[in-house]
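Listed here are the chains, written in short residue letters.
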Amino acid sequence: MKTVNVGICGLGTVGSGVVNVMQRNIAAITSRANCGLAITHVGARRDNPNCDVSDIKVSRDVFAVVKDPNVDIVVELIGGYEPAKQLVMQAIANGKHVVTANKALIAVHGNEIFAAAESRGVTVTFEAAVAGGIPIIKAIREGLSANSIEWLAGIINGTGNFILTEMRDKGREFADVLADAQRLGYAEADPTFDVEGIDAAHKLVILASLAFGMPLNFEACFTQGIADLSPQDVIFAGELGYSIKHLGIARRAEHGVELRVHPTLIPQRRLIANVDGVMNAVLVKGDAVGPTLYYGPGAGSEPTASAIVADVIDTARMLDVDRDCRVPHLAFSPDAVRPLPILPIEQISSAYYLRLTAVDKPGVLSQITQILSDAGISIEAVSQKEAQHEPDSSQSGQMVPIVLITDITVESNLRAAVGRIESLSSITDSVTFIRVESLT
Ligand code: HSE
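Cut-offs and rules
Residues numbered from 1 in each chain as written. Predicted model: local features only at pLDDT ≥ 70, side-chain atom pairs only at ≥ 80, totals over all residues. Heavy atoms only, no water. Helix = DSSP H or I, 4+ residues; strand = E, 2+ residues; numbered from the N terminus. Rg over C-alpha atoms; globule rule 2.2 N^0.38 Å. Buried < 20%, exposed > 50% of the residue type's maximum accessible area, 1.4 Å probe, protein only. Contact = heavy atoms within 4.5 Å. Near = heavy atom within 4 Å. Polar contact = N/O pair within 3.5 Å; in protein donor to acceptor, adjacent residues only side chain to side chain. Areas by Shrake-Rupley, 256 points an atom, 1.4 Å probe, with all protein chains shown as cover. Nonpolar A, V, L, I, M, F, W, Y, C, P; charged D, E, K, R; others polar. Domains from an automatic or database assignment. Buried area = accessible area lost by both parts, 1.4 Å probe. Salt bridge = Lys/Arg side-chain N within 4 Å of Asp/Glu carboxyl O.

> I'm lost on the overall build of the chain in this one. Help?
Looking only at helices and strands, one finds 14 helices and 17 strands in the chain. The C-alpha radius of gyration of the chain comes to 24 Å, within 12% of the 22 Å expected for a compact globule of 440 residues. With the C-alpha coordinates aligned to their principal axes, the bounding extent of the chain is approximately 85 × 45 × 35 Å. For the chain, the residues scored as buried account for 55% of the 440 residues in total. Taking as baseline every contact in the chain between residues at least 6 positions apart, the subset at least 24 positions apart corresponds to 74%.

Shown next as structure tokens:
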């Protein structure tokens, strides 16, 4: 039986998980790969006490791994854009297959990396780049390949979901929960990537390309984070039967593709609304299969290693396969991958949750509903909450929060109506609006 040699670049939380999973499950792994698999070279600046690499060659320079003529598959786990890109491009140039967990690298430089790999006849696999241990890339690229995919929506950042869950269930402070996520190894090196939705956008862009057969286009993705979410909105949404989740949504619309990451109200009765903590879930709607849901751990050492090792096994299995018979990087053959227009956020269609603070006096609600009606926006639900402040001496009444859920409208229409509502003298603060998705 031939042996395929694996080199690992980076021995942090995920790298140590890969070493441990490969060592523990090597018998099953080699049976599945139908060849021997051995980690023969690790590149890491320092040792990691969480794994044993005493029988493996270790270099302090990760580039030594991609230059090693005995390495067949390079596993890139250093993360970030550089030097990861240089490392991957050099591995490809040296004729090595690459497995990576690096979503930022794939989302931003994937088109160039795949083109280089295709012309060199090697593959770059990236299952661990999206939703950690959930095999969502394999599901879209292979399991759903009979379908025209209509939309997908996912909780694809474990740190953000963990923060939202802890804030909702335990009333914990944002910064305190974020520190926990960092300690547990879920958060990115720069946690603003998690909180501001950049990490989720990286992953969404990858999923959208696989689903719709378009090149990766990170710049076009609309991104809004969770840092400004008010606990009040979480409570009011709950009272109306909704949970707030930080979703990545990609949808094929009439004039283009919606590509957006933002806090979203979703009905509590949807399974995905009950995905809590660091868990991830992705809903994919195909025209033939209908809605399908994929759930599992989105981060962490061994869950991520699970996806990486599966990619290593897949790569080893297809080493002798004619290159034209391999699964294409972006699910569609390279000459069929075509740019599609990505809609600016003003042109997307959604329902909306609005929260406004109004003077509690007759006629205010009718002014608001009139503005929405004039804009052709239908109201699904409206609720006036109890006054939260003492009467304001400059106003003729108490200030009360009013919460509305609208029907679906184009966002530019909604924003214009919100502007008109904000200009009413009876409205004191800016209006909060959050998109609402029914996910059916
Ligand atoms: N920071 C990421 C998350 C890690 O929290 O989901 C996995 O990509």
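> I tried to follow unusual backbone geometry on my own but got confused; where do I start?
As a rule of thumb, non-glycine residues mostly have phi less than zero, and peptide bonds are mostly trans rather than cis. At the junction of E82 and P83, the peptide bond is cis and its omega measures out at 5 degrees in the coordinates. Tracing the backbone through its elements, the reader meets P83 in the loop between β4 (73-76) and α4 (84-93). Non-glycine residue A131 carries a positive phi angle of around 60 degrees. In this structure, A131 sits in the loop between β6 (124-125) and α6 (136-143). Given a relative accessible area of 0%, A131 falls into the buried group.

> Can you help me understand the site of the ligand in this one?
K103, N157, G158, T159, Y186, A187, E188, D194, D199, K203, G298 and A299 make up every residue found near the ligand. Within the side chain of K103, a nitrogen or oxygen atom sits 2.6 Å from an oxygen atom of the ligand. G158 has a polar backbone atom sitting 2.7 Å from an oxygen atom of the ligand. Here the ligand, which alone exposes 260 Å², has 93% of that area covered by the protein. Only α7 (158-170) and α10 (198-212) provide two or more residues apiece to the shell around the ligand. Tallied by class, the residues present in the shell around the ligand amount to three nonpolar, four polar and five charged.

> Help me understand the domain arrangement of the chain in this model?
Accessible area lost upon the coming together of the parts is a frequently used measure of interface size. According to the domain assignment, the chain consists of domain 1 (3-133 + 301-333), domain 2 (136-297) and domain 3 (347-436). Its C-alpha centre places domain 2 at a distance of 27 Å from the equivalent point of domain 3. At the interface, 19 residues of domain 2 touch 14 residues of domain 3. Counting each side, the surface lost to burial between domain 2 and domain 3 is near 1,400 Å², with a carbon and sulfur contribution of 61%. On the surface where domain 2 and domain 3 come into contact, there are two salt bridges. E239 is the partner of K385 in a salt bridge, and the nearest nitrogen-oxygen pair spans 2.7 Å. On the surface where domain 2 and domain 3 come into contact, there are seven residue pairs in polar contact (both at pLDDT 80 or more). Mapped onto the side of domain 2 that touches domain 3, the elements with two or more residues apiece are α11 (231-239), β9 (242-253) and β10 (256-267). Grouping the amino acids of the side of domain 2 that touches domain 3 by side-chain chemistry returns nine nonpolar, five polar and five charged.

> Any chance you could explain the side chain of N48 here in plain terms?
Secondary-structure assignment places N48 in the loop between β2 (36-43) and β3 (57-59). In contact with N48, not counting residues within four places along its chain, are L11, G12, T13 and S16.

> Honestly, the pattern of salt bridges in this entry has me stumped. Any pointers?
Pairing between side chains of opposite charge can happen when the charged atoms of each approach one another. Tallied over the full model, the rule gives 27 salt bridges. Residues E188 and K103 are paired through a salt bridge, measuring 2.9 Å at the closest nitrogen-oxygen approach. On the criterion of sequence distance, the pair formed by E188 in the loop between α8 (174-183) and α9 (192-195) and K103 in helix α5 (residues 103-120) is long-range, its members being 85 residues apart. On the basis of relative accessibility, which here comes to 14%, the residue K103 falls in the buried class. Of the charged contacts in the structure, one is a salt bridge between K138 and D314, with a shortest N-O distance of 2.6 Å. Of this pair, K138 sits in helix α6 while D314 sits in helix α12 (residues 301-317), and the two are 176 residues apart along the sequence. Take K138: its relative accessible area is 32%, and that puts it in the partly exposed class. Owing to a relative accessible area of 22%, D314 belongs among the partly exposed residues under this scheme.

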